[in-house]
Amino acid sequence: MMPELGKYAGEVLSSYAASLVLLAGLVVVSLRASRKAKMALEALEKGRQDG
Amino acid sequence: MIALLMRDLKLAFRAGGGFGLGLAFFLIVVVLVPFGVGPQTALLSRIAAGILWVGALLACLLSLDRLFALDWEDGSLDLLATSPLPLEAVAVSKALAHWLTTGLPLVVASPVFGLLLGLPEAGYIFVVLSLLIGTPALSFIGAFGAALTVGIKRGGLLLSLLVLPLYVPTLIFGAEVARRGSEGLAVQTPLLLLAGITFGSMALLPFASALVLRVNLR
Amino acid sequence: MIALLMRDLKLAFRAGGGFGLGLAFFLIVVVLVPFGVGPQTALLSRIAAGILWVGALLACLLSLDRLFALDWEDGSLDLLATSPLPLEAVAVSKALAHWLTTGLPLVVASPVFGLLLGLPEAGYIFVVLSLLIGTPALSFIGAFGAALTVGIKRGGLLLSLLVLPLYVPTLIFGAEVARRGSEGLAVQTPLLLLAGITFGSMALLPFASALVLRVNLR
Amino acid sequence: MRLNALWEYANPVKFMRLTDRVLPVVSMLALAAMVVGLVWGFFFTPDDFRQGSTVKIIYLHVPSAMMAISAWFMMLVTSLIWLIRRHHVSALAAKAAAPVGAVMTIIGLVTGAIWGQPMWGTWWAWDPRLTSFLILFLFYLGYIALWEAVEDGDTAADLTSALCLVGSVFAFLSRYAVNFWNQGLHQGASVLRAGALAGDTEERVSNVFAVPLFISMAGFVLFFIALVLLRTRTEIRLRRAKALIARERLS
Amino acid sequence: MLKVTDLAVARGGIAVLEGVTFEVAKGQAVILRGDNGSGKTTLLRTIAGLQEPLAGQVDCAPDSIAYAAHLDGIKANLTVEENLKFWADVFQSDQMSKAVEAFDLGGLLQRPANTLSAGQKRRLGLSRLLVTGRDIWVLDEPTVSLDAFTVKAFAEIVKAHLAGGGCALIATHVDLGLVGDTLDVMQFHAKGDSTLSSFDEGFL
Amino acid sequence: MLKVTDLAVARGGIAVLEGVTFEVAKGQAVILRGDNGSGKTTLLRTIAGLQEPLAGQVDCAPDSIAYAAHLDGIKANLTVEENLKFWADVFQSDQMSKAVEAFDLGGLLQRPANTLSAGQKRRLGLSRLLVTGRDIWVLDEPTVSLDAFTVKAFAEIVKAHLAGGGCALIATHVDLGLVGDTLDVMQFHAKGDSTLSSFDEGFL
Ligand code: HEM
Ligand SMILES: Nc1ncnc2c1ncn2[C@@H]1O[C@H](COP(=O)(O)OP(=O)(O)OP(=O)(O)O)[C@@H](O)[C@H]1O
Ligand SMILES: Nc1ncnc2c1ncn2[C@@H]1O[C@H](COP(=O)(O)OP(=O)(O)OP(=O)(O)O)[C@@H](O)[C@H]1O
Ligand SMILES: [Mg+2]
Ligand SMILES: [Mg+2]
């Protein structure tokens, strides 16, 4: 059910694509950093309890 | 403070060549642009005022780099911070020394460089005037940037990145005065705004610089 | 030599921000010029190719400053000179590291900046091509200049002064390729000359740099 | 009293505990609002009689441009809080917000450029709004670079706060200067003008377009908040890890 | 003249020393000792006011501390005389000739500082102390690079300073030939649990 | 292993030492002594090949000298490990772990070098000697900033190097606790009439 975009299809689609890629990229980077930090911290705290 | 100013001037003359180098860089930018853009006189004279301002700005920028960094590296800044001189005075004197060795010579020499670029005749007085009023702001803003990056090795490019956006209003008003002057339009408004920026920077930024220096010394 | 190259790249990333800063400076020059010259698109697009080249050149120049100076100040250069690595290899690796962190990113980013200045469409490919071929020469020439001024505190401006005249031929041919390309003219001759300069610099200048370094170490 | 209670949450532990609960909610809301706003805007709005289908770009362009500016404001406020009250979470929140703001700026620039091609016949013009946006982007870059370049957390927080403060003044001056320098092509502020809501001005954005636009804007705001919370949590964890390692080394 | 009470100092966000308490009386020299990395430099910088203490306080008359550290703040391109004159001007002192004489710089006055040997540079750096006209000397390894003869001469200068009503706090690894209390900073070694810099503290 | 014959050295165009003649045999350490400014640094730089001698010659196997001076060539932004690894790569050595162990750097490996104390930096600088794998150590005041314990440890390292078939030439003002010949450079003090650099000579 793609809407009729007329002669400007290229512009509209590329701007949506570019924006979504950028937003998704930002989210992925943030999530990955978050997970990494969380794991690093957990490892540290575990090590502290053990040691 | 006078002692510091004199020392910095002396150092600039002794090692960096003093007035000469800022000027030389300015000259080179002015010479390079025709090589890049091509030699059409009409085109050049239209962009002359702007190129002069951009050149002045880059010349200022290039000499900022080591404003505080040298004193930091050899420990002078530590010693100055424990001396009776307040860091605000240090910041002012550094910015002044920078202006005297870089900004002022540019102002004096700009008519000659205007000639090289075929600046319209009406423009000379306004280019000189706008540079005279505008360059102190460049030095004081630059000193703030230099204080921010003082602890960072290879801070040169970072410094440019931080300082150039801060230069934008000065450049716009300065170049606008020069351009409008060349075209015979009224220049009062941008001139006043330019002066406002300069005095504002001179009055407030030394405090910011001193704050930042103190943080960096920690 | 690989070890040195890797170390220099690492240092550039660690402290100077790596690729980003050269690019940022380039971007800033491109932004500043319209502020100076005025916002007329027609005018800007005529000078676009030239401004891009001048901007690339200045971005290279600004990052040259500390190419050898840091190693000199902290004594690494003395130690390298007494190591099994010949100084020629040191010079080559420094120039390469400089190109990788400054020249190459500029080449990649130049089309985007061309957009900002309204570069004519035919010009893109030639701007990229000329920068790709020309920027290595800038790095190798620059390394020679940096070697010349290595012992001088506040050598930044002096360095610019020495290096910029050496950059002139590269700039002339490079900008010529870009400009002719934009206007649809033949570019073969300047392109060949540009390539000649680059290969010549790469082949010969490291020896000169090493010689000069040796003198400066004494 | 109430205000003091608010300051309490600048304590990292409390902040973590609170955001543990808040973050999922905000994220879900953000996702919902963005999906609804953008899907509605993309699929279920008519073409504009002048702009054709390009009007659909507005659902990305305006919210991102708005957030790009708001993010800087948020950084300014948190920087001030850090400088005055020295609440650590505040400094880290500013750090966390900067890359988000920068990406918003890029999106604004890219969608604007793509939109400009059919509307003005050029990708880029030195229009005041566009130009000041580019300058804002430079400020973001400088700010992020400074955070990266300074090793010590405390020092970096102080320096970047000072930069943010001074930078804001100059960004404001630039905005004004750029207006003075060139009269541009870009739209005036029509969406947010009161008249536009009532639908009685010339430049109004008609309601067909306005409702999904507002939803999308709300989505972007929530998205920003969610991301900043997430990234602040990351920064806090990193700090904690660093503090733990430091302490370990001592004993 | 200088009183340090329950001071805790940090570098890089980590406490290195805590509970540092001592006093330096008029005419007294206190020698700081401690292994490499034990925190002497950090302590001295804090006392000189270059960095904030984590806790505790430093009491002394305002503007009475002269600090000298590893780096001498010597400008390579200025002559010895210009270097010294600059500091004399900053501290508005007229003691320059005394400083020159004390550190035997007479023959070097017209030399640019970058032509000095390591020890000569150090002498110039130390001569700055005499033009500050300040009472409390805070010195970080002052005798590095000095030959035996100059070390002795320096000890005499410090003694004269003490006799003139000053006091001195000196960190060193070698013997200076000074009578004075020795303070081992190792006893103040931070335990690690209580003290982190304010920034990191909140995160534990 | 190292033989210096009738060497004359100059700094800034002025001869500082002349007629320097001595020999360092395998397994031997020679300690250079002399007042500040007597020319030790200049002599060592000439021997290391960093500057040309005015006259005379230095004989040793090519690429056999490891030089360490006042400045350590440490990159503040790299970690201790990266700093050391770099020199190990340049000298294509696999002795890194040995160097780390000898100078007790294990606990500091992951630290950026700018967070080290003066003495820790010095230890890192000296550890470079072990990864050069070279026989002749030419050291200029190596123990500056080191505490008494580390000085002793360093003396042991030098002894091990000598026992392993190396030799060492060390300029210092303090006692290193090494057995070895002492050479006072003052005896070679240039008289000032005969020796100028070849260029200036032509003007007399
Ligand atoms: C690279 C190009 C562009 C940039 C950087 C840009 C930037 C901006 C900015 C900063 C805003 C302000 C958002 C706010 O005030 O909250 C905005 C709003 C807007 N832009 Fe653009 N823009 C660009 C191109 C365009 C084009 C080509 C069009 C369409 C012809 C357009 C249409 C609009 C509209 C309709 C608004 C909303 C106006 C309002 O109510 O505030 N923009 N843009
Ligand atoms: N950023 C940092 N992170 C962690 N530890 C640090 C940091 N900066 C410094 N340190 C440590 O702080 C300690 C104190 O250093 P300081 O320079 O005060 O020692 P010192 O007693 O002067 O030693 P020396 O005798 O070697 O000069 C050292 O162990 C050093 O490694
Ligand atoms: N450009 C110059 N002109 C004149 N004399 C110079 C110049 N450069 C150095 N000298 C002198 O040469 C002498 C030798 O210096 P050198 O650094 O070799 O001494 P050193 O024995 O290492 O002293 P230290 O124990 O202080 O390190 C010094 O007296 C110095 O002042
Ligand atoms: Mg110390
Ligand atoms: Mg010496």
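Starting afresh in each chain, residues are numbered from 1 along the sequence in its written order. Throughout, the order in which chains and ligands are written sets their labels, letters from A for the former and numbers from 1 for the latter. Predicted model: local features are reported for residues with pLDDT of at least 70 only, side-chain atom pairs are reported and counted for 80 or more only, and whole-chain, interface and lining totals are derived from all residues. No hydrogens and no water enter the side-chain calculation; it runs on all heavy atoms of the structure.

Draft legend 1. Region of the structure containing the overall build of chain B. Along its length, chain B carries nine helices and zero strands. Counting from the amino terminus, chain B carries its helices and strands in the arrangement α-α-α-α-α-α-α-α-α. For a compact globule the rule gives 2.2 Å times the number of residues to the power 0.38, and the radius of gyration it is set against comes from C-alpha atoms. Here the C-alpha radius of gyration of chain B, 18 Å, is about what a compact globule of 218 residues would show, namely 17 Å. Taking the principal axes of its C-alpha atoms as reference, chain B extends roughly 55 × 35 × 30 Å. Summary of the burial criterion: residues with accessible area below 20% of their type's maximum are buried, those above 50% are exposed, and those between are partly exposed, where the area comes from a 1.4 Å probe applied to protein chains only. In chain B, which comprises 218 residues, the share counted as buried stands at 69%. In chain B, the share of contacts with a sequence separation of at least 24, taken over all contacts with a separation of at least 6, comes to 81%. Accessible area of chain B: about 6,400 Å², with a carbon and sulfur share of 73%. Put simply, DSSP H or I for four residues or longer makes a helix, DSSP E for two residues or longer makes a strand, and each gets a number counted from the N terminus. We call two residues contacting when some pair of their heavy atoms lies within 4.5 Å. A 1.4 Å probe and the Shrake-Rupley method give the accessible areas. Residues count as covered only by the protein chains that appear here.

Draft legend 2. Spatial organisation of a nonpolar patch on the surface. Residues and elements named next belong to chain D. The patches described consist of residues with a relative accessible area above 30% and no salt bridge, like charges being joined within 9 Å and nonpolar side chains (Val, Leu, Ile, Met, Phe, Trp, Tyr) within 5 Å. Criterion for a salt bridge: a side-chain nitrogen of Lys or Arg within 4 Å of a carboxyl oxygen of Asp or Glu. A contiguous nonpolar surface patch, about 700 Å² in accessible area, is contributed by M28, L31, V35, V36, V39, W40, F44 and V211. When residues in the nonpolar patch are grouped by element, the largest group, six residues, is from helix α2 (residues 12–43). Mapped onto the secondary structure, M28 falls in helix α2.

Draft legend 3. The interface of chain B and chain D, seen in detail. Taken together, the contacts link 27 residues of chain B with 26 residues of chain D. Buried area: the accessible area, evaluated with a 1.4 Å probe, that two parts lose upon being put together, summed over both parts. By the criterion of area lost to chain D, the three top residues of chain B are P165, L166 and I172 of chain B, representing 20% of everything that side buries. Along the contact surface separating chain B from chain D lie one salt bridge. Between R218 of chain B and D158 of chain D there is a salt bridge, and its shortest N-O distance comes to 2.8 Å. N or O atoms closer than or at 3.5 Å make up a polar contact, with two conditions inside protein: a donor-capable atom paired with an acceptor-capable one, and, for residues adjacent in sequence, both atoms drawn from side chains. Put simply, chain B and chain D have one residue pair in polar contact (both at pLDDT 80 or more) between them. Within the residue set of the side of chain B that touches chain D, elements represented by two or more residues are α7 (123–148), α8 (156–182) and α9 (188–217) of chain B. Three residue categories are used. Nonpolar comprises Ala, Val, Leu, Ile, Met, Phe, Trp, Tyr, Cys and Pro, charged comprises Asp, Glu, Lys and Arg, and polar comprises the others, including Gly. Looking at the side of chain B that touches chain D residue by residue, the classes come out as 20 nonpolar, three polar and four charged.

Draft legend 4. Up close: the sheet that holds strand β4 (residues 55–59) of chain F. Residues and elements named next belong to chain F. A pair of strands is treated as paired once DSSP finds two or more bridges between them. Taking strand neighbours across the sheet as the criterion, the three strands line up as β2-β1-β4 in an open arrangement whose pairing is antiparallel. The two strands at the open ends of the sheet, each matched to only one other strand, are β2 (14–24) and β4. Recorded for the sheet is a direction-independent mean angle of 25° between the axes of neighbouring strands. Here helix α1 (residues 40–47) sits on the sheet in contact with β1 (2–11), β2 and β4, set at roughly 120° to β1. To obtain an axis, a line is fitted to C-alpha atoms, over the contacting stretch when the element is a helix, and the angle between two such axes runs from 0 to 180 degrees between their N-to-C directions.

Draft legend 5. Seen up close, the interface of chain C and chain B. Counting residues at the interface gives 44 residues for chain C and 43 residues for chain B. For the side of chain C that touches chain B, the element with the highest residue contribution is helix α8 (residues 156–183) of chain C, accounting for eleven residues. Here the residues of the side of chain C that touches chain B sort into 29 nonpolar, eight polar and seven charged.

Draft legend 6. Spatial organisation of the sheet that holds strand β2 (residues 14–24) of chain E. Residue and element names in this part refer to chain E. The three strands are arranged β2-β1-β4 in an open sheet whose pairing can be described as antiparallel. Both edges of this open sheet fall to β2 and β4 (55–59), since each of them pairs with a single strand only. Taken over all neighbouring pairs, the strand axes of this sheet differ in orientation by 25° on average, direction set aside. In this structure, strand β1 (residues 2–11) lies alongside β2, joined through seven bridges in antiparallel fashion.

Draft legend 7. Region of interest: the pattern of salt bridges. One pass over the structure, following the stated rule, counts 33 salt bridges over all chains. Residues R7 of chain B and D71 of chain B are paired through a salt bridge, measuring 2.9 Å at the closest nitrogen-oxygen approach. A residue pair is termed long-range when its members are at least 10 positions apart, and R7 of chain B in helix α1 (residues 2–16) and D71 of chain B in helix α4 (residues 69–73) qualify at 64 residues. For R7 of chain B, a relative accessible area of 4% puts it in the buried group. Its relative accessible area of 2% is what places D71 of chain B among the buried residues. Residue K10 of chain C is joined to E82 of chain F by a salt bridge in which the shortest nitrogen-to-oxygen separation is 3.8 Å.

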